[in-house]
Amino acid sequence: MAGIKQVYDISVSLLSDCFYIVDQTRPNEAEKLFHTLREEVERRGHIMFVFNGEHFPLGFIKGVINGATSEINYLYVDRPYKKSGIGTALLKEYEKYCIGKSVKNINLFRAPTAEARNFYTKNGYFSMGNSFLMTKNLTR
Ligand SMILES: CC(C)(COP(=O)(O)OP(=O)(O)OC[C@H]1O[C@@H](n2cnc3c(N)ncnc32)[C@H](O)[C@@H]1OP(=O)(O)O)[C@@H](O)C(=O)NCCC(=O)NCCS
């Protein structure tokens, strides 16, 4: 069904769809994801939401919660569907979930690309000190 859905099991088709989406931007990350996604979501408790189109996923977000802090390690939107609000919708859903789990801060696992930096800034994320990493305080 179309719309955002939390996923707990990674089917073969979801794995290959996610690989395809990430491979458009970061091929090395896609390769890594292909080997770790199932383990992280099904056995290590990572949180994942998928934005489903009519026929296939258009984007997804994945992160992990450690106490009062969460770390987003993947947020990718299929290239033809970028800039139509899917990234924001996924991020908001993830943040809502984190607030429900009493998370206070969300950090990005790696420095975003220049285009993603603008996207995260618009969504309330700030650079951490002098680093290229970004963070958001959910309690403000
Ligand atoms: C970054 C990304 C997730 C944004 O998703 P999206 O669905 O295109 O973003 P949205 O449509 O929700 O855009 C939200 C805001 O960010 C801005 N934005 C999004 N992409 C942008 C870009 N390439 N350049 C400048 N601003 C951008 C939009 O203009 C929009 O602002 P507006 O509301 O004032 O119009 C998506 O472009 C992507 O998958 N990029 C490649 C992967 C990546 O870098 N992921 C992050 C690393 S973990």
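One structure accompanies this document, and this report is about it. Computed from a prediction, not measured in an experiment: that's the story for all the values here.

Calculation rules
- Residues numbered from 1 in each chain as written.
- Predicted model: local features only at pLDDT ≥ 70, side-chain atom pairs only at ≥ 80, totals over all residues.
- Helix = DSSP H or I, 4+ residues; strand = E, 2+ residues; numbered from the N terminus.
- Expected span 1.5 Å × (residues − 1).
- Buried ≥ 20, exposed ≤ 12 C-beta atoms within 10 Å, placed from the backbone.
- Contact = placed C-beta atoms within 7 Å.
- Core = buried A, V, L, I, M, F, W, Y, C linked by C-beta atoms within 7 Å.
- Near = placed C-beta within 6 Å.
- Nonpolar A, V, L, I, M, F, W, Y, C, P; charged D, E, K, R; others polar.

Secondary-structure assignment places Ser102 in the loop between helix H3 (86-100) and strand S5 (105-108). Measuring from C-alpha to C-alpha, the distance between Ser102 and Thr69 comes to 8.9 Å, with 33 residues separating the pair along the chain.

What follows deals with helix H2 (residues 27-43). For the α-helix, the turn length of 3.6 residues means that residues three or four positions removed from each other point alike. Spanning 17 residues, H2 covers 24 Å between terminal C-alpha atoms, matching the ideal 24 Å at 1.5 Å per step. For H2, the set of buried residues is Leu33, Leu37 and Val41. Residues of H2 that are buried in the fold lie against helix H1 (12-23), strand S2 (47-52) and strand S4 (69-77). Just past H2, the residue Gly45 takes up positive phi, approximately 75°.

Take the nonpolar core next. Judged by nonpolar contacts, the single largest core of 31 residues is most densely connected at Phe60, Ile61, Leu90 and Tyr94. Those residues in contact with Tyr94 that lie beyond four places of it in its chain are Ile47, Phe49, Ile61, Gly63 and Ile72.

Close to the ligand lie 19 residues, the nearest being Lys82, Gly87, Thr88, Glu115 and Ala116. Secondary structure elements with two or more residues in the shell around the ligand: S4, H3 and helix H4 (114-122). Here the shell around the ligand takes 5 residues from H4, the largest share from any one element. Broken down by class, the residue content of the shell around the ligand amounts to 8 nonpolar, 7 polar and 4 charged.

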